[in-house]
Amino acid sequence: MTTVKNVWRIEKTSTGWHSSFGTLIVEPAPNTRCTVNKFNAYESARHDTKSQAIKYAERGGMAGRNRGEIMIETSV
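Every value quoted in this text rests on a predicted model; they were computed, and no experiment measured them.

The subject of this paragraph is the confidence of the model for the chain. The predicted model of the chain averages 91 in pLDDT, with 97% of residues at 70 or higher. Mean pLDDT values for the elements of the chain range from 91 in strand 4 (residues 69-73) up to 95 in helix 1 (residues 50-59).

Encoded structure:
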């Protein structure tokens, strides 16, 4: 069964924190017990701190219309 939801993905990178809003699609891989994650980004921004990225996502991005679950990934 395929799951589709709107999310904010916040990632720690070598240049700072990046927040991306988009659609996360999780679907089962054919003939295995694994899943395939796809992410289609609609809006993204770079931030200096983690708290700036979280506040940006909580406000709904630049226009304030993009609302969704916030996922934080800290691997570099």
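Quick look at the packing of aromatic side chains now. Counting across every chain of the model gives three aromatic pairs. Each ring, one from Trp 8 and one from Phe 21, has its centre 5.3 Å from the other, and the planes form 50°; the classification is tilted. One end of the pair, Trp 8, is in strand 1 (residues 3-13); the other, Phe 21, is in strand 2 (residues 16-28), with 13 residues separating them in the sequence. Across this residue pair, the class does not change: Trp 8 and Phe 21 are buried. Between the aromatic rings of Trp 8 and Tyr 56, the centroid separation amounts to 5.7 Å while the plane-to-plane angle is 85°, which identifies the pairing as edge-to-face. You can see Trp 8 sitting in strand 1 and its partner Tyr 56 sitting in helix 1, a full 48 residues away along the chain.

This part is about the pattern of salt bridges. Counted according to the given criterion, the structure contains four salt bridges. Here Arg 9 and Glu 11 are joined by a salt bridge, their closest N and O atoms 3.9 Å apart. Given a relative accessible area of 25%, Glu 11 falls into the partly exposed group. A salt bridge links Arg 46 to Asp 48, with the nearest nitrogen and oxygen atoms 2.9 Å apart. You can call Arg 46 partly exposed: its relative accessible area is 44%. Residue classification places Asp 48 among the exposed positions, given a relative accessible area of 55%.

Definitions and cut-offs
- Residues numbered from 1 in each chain as written.
- Predicted model: local features only at pLDDT ≥ 70, side-chain atom pairs only at ≥ 80, totals over all residues.
- Heavy atoms only, no water.
- pLDDT = per-residue confidence, 0-100.
- Helix = DSSP H or I, 4+ residues; strand = E, 2+ residues; numbered from the N terminus.
- Phe/Tyr/Trp six-rings, centres within 6.5 Å; stacked < 30°, edge-to-face > 60°.
- Buried < 20%, exposed > 50% of the residue type's maximum accessible area, 1.4 Å probe, protein only.
- Salt bridge = Lys/Arg side-chain N within 4 Å of Asp/Glu carboxyl O.

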